[in-house]
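Working through the structure, step by step
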Amino acid sequence: MIRRIIIIITALILSLAIGGFFAYKKFFQKPSIKIIETAKAERGTIRGVLVASGIIKPQVGAVVKVGARATGTIVKMNVRVGDRVKKGQLIALIDDREIQKLIEQQKAAIKEAEANYQYSKINYERQLELIKYEYTTQDQVDKAKNQLDTSLAILKERTASLLQTETRLSYTRIYAPIDGVVSEVTAQEGETIVAGLQVANLVTVMDPSRLEMWIYIDETEIGRVKLNQNVEYYVDTFPDKLFKGNIEKIYPQPVVKDNIVYYLCIVKVSSEDSIYLRPEMTANVRIIFEEKEDILTVPNSAIKFEKGRQVAYKVTGVDGVERVEIKVGLRGENRSEIVSGLKEGDTVATKLILPVQARP
């Protein structure tokens, strides 16, 4: 009996002790902060970066649509989509038989006009000699001069007509206006085109080495963008290749999309980079608007916002943690500048768990 009482009393005491321990833990022991990952405050370089999207576009003059000013049937189409062409290369020929026939007729008419002109010239010169000796009359001299002037006018008119027809003949030969690649062909051999009624262009030639990138910057960010700022970008098809350029133009005219105001910035693509890029590709862009070297930095994950203030949790010992208020300067992609509140070499928490009582 006594032994049983002793066991009961012992169990009661043990229960009270355990309960007291947990009560102490709950009401008297200060809740702790659990540190998961840390980093050092160290000196380095930070770039202020504006992230945006860009679109690869041909430069002005890099795409030329070639139409036709002659009426007739396409008898020869020398190119297909994807063909490379040189400036001045014959790419299409329109039936020119009627124009060639007209040119032959006009050349014959010019020969006749030249003969008449030469005869009128000789006759006029003869009449001038005869009038000196009164072997002719002034009336005959005037008639000879009139015939000379008329024959000269006819000769000039027919020569001008021939030049005009030869110009029309040149319209039947379609030449490449620039060096480049044929990107579109809208007519084939055997098709008939009518000058003035042909809406579609025959051939489109593009110079793939002359590209630029259009970047639409939100009105809230455009104040950070300046001419000649460095730009880095990549496209999804080459995610590991970094392309570089700089802001060449900032258009003053806004562009409104979905009720949001944007401003267009232009980055010229180098000829080396244009080998990899194509029009209408989407680019992931970083505009570097500021860069600072040899400044105190911490990872962005070490900066916390509590009650409207920026703070960091500094590790002060094996288990010690101190909450410090900091002032942040330039914020980079991964790290930020620390103006005050920390010093070089301090260890700060980048990932931690705050107890309920310690949370703001």
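Notes on the structure follow. Every residue gets a number counted from 1 within its own chain, in the order that chain's sequence is written. The predicted nature of this model means local features are confined to residues of pLDDT at least 70 and side-chain atom pairs, given and counted, to a pLDDT of 80 or more, with totals for whole chains, interfaces and linings taken over all residues. Side-chain measures were taken over the full set of non-hydrogen atoms in the model, leaving aside hydrogen atoms and water.

**Topic: helix 2 (residues 97-132)**
In this text, helices come from DSSP runs of H or I with a minimum length of four residues, and strands from runs of E with a minimum of two, each type numbered from the N-terminal end. Multiplying one less than the number of residues by 1.5 Å gives the expected span of a helix. Taking 1.5 Å of rise per residue, 36 residues should cover 52 Å, and helix 2 covers 53 Å from first to last C-alpha, within 8% of that figure. With a 1.4 Å probe rolled over the protein chains alone, any residue whose accessible area is under 20% of its type maximum counts as buried; one over 50% counts as exposed, and the rest are partly exposed. Within the sequence span of helix 2, burial applies to Ile 99, Ile 103, Gln 106, Ile 110, Ala 113, Tyr 117, Ser 120, Asn 123, Tyr 124 and Gln 127. Among the structural elements, helix 3 (138-170) are those in contact with the buried residues of helix 2. Contacts between residues were defined by any pair of non-hydrogen atoms, one from each residue, lying within 4.5 Å.

**Side note on unusual backbone geometry**
In this structure, Glu 134 takes a positive phi of about 60 degrees despite not being glycine. For Glu 134, the location among the structural elements is in the loop between helix 2 and helix 3. In this structure, Lys 307 is a non-glycine residue whose phi angle is positive, near 50 degrees. Within the secondary structure, Lys 307 sits in the loop between strand 16 (304-306) and strand 17 (309-315).

**Description of the packing of aromatic side chains**
Two measures describe an aromatic ring pair: the distance that separates the ring centres and the angle between the ring planes. Side-chain rings of Phe, Tyr and Trp (the six-membered ring for Trp) are treated as a pair once their centres are within 6.5 Å; stacked means planes under 30 degrees apart, edge-to-face means over 60, and tilted covers the remaining angles. For the coordinates displayed, the defined rule picks out 5 aromatic pairs. Their ring planes at 25 degrees and their centres at 5.5 Å tell us that Tyr 233 and Phe 243 sit as a pair that is stacked. Separated by 10 residues along the polypeptide, Tyr 233 in strand 12 (residues 230-235) and Phe 243 in strand 13 (residues 238-257) bring together distant segments of the chain. Side by side, Tyr 233 and Phe 243 carry an identical accessibility label, which is buried. Both rings, one in Phe 238 and one in Tyr 276, keep their centres 5.6 Å apart while their planes meet at 85 degrees; by these two values the pair is edge-to-face. Placement of the pair is Phe 238 in strand 13 and Tyr 276 in the loop between strand 14 (260-268) and strand 15 (282-299), with a sequence separation of 38 residues. In this structure Tyr 276 comes out as partly exposed when scored by relative accessible area, which is 35%. Just above the ring of Tyr 276 sits the side chain of Lys 241; from NZ or CZ to the centre is 4.5 Å. The rule for a charge over a ring is simple: NZ of Lys or CZ of Arg within 6 Å of the ring centre, and within 35 degrees of the ring normal. One residue, Lys 257, lies across the ring of Tyr 216, its end atom 3.8 Å from the ring centre.

**Some words on helix 3**
Taking 1.5 Å as the rise per residue, helix 3 with 33 residues should run 48 Å; its terminal C-alpha atoms sit 48 Å apart, in good agreement. Among the residues of helix 3, Val 141, Ala 144, Leu 148, Ser 151, Leu 155, Leu 162, Thr 165 and Leu 169 are the ones counted as buried. Buried residues along helix 3 sit in contact with helix 2 and strand 7 (173-175).

**So, the sheet that holds strand 9 (residues 192-193)**
Being paired, for any two strands, means DSSP has found at least two bridges between them. Read across the open sheet, the 4 strands follow the order 7-6-4-9; overall the sheet is antiparallel. Whereas interior strands pair on both sides, the edge strands pair on one side only; in this sheet they are strand 7 and strand 9.

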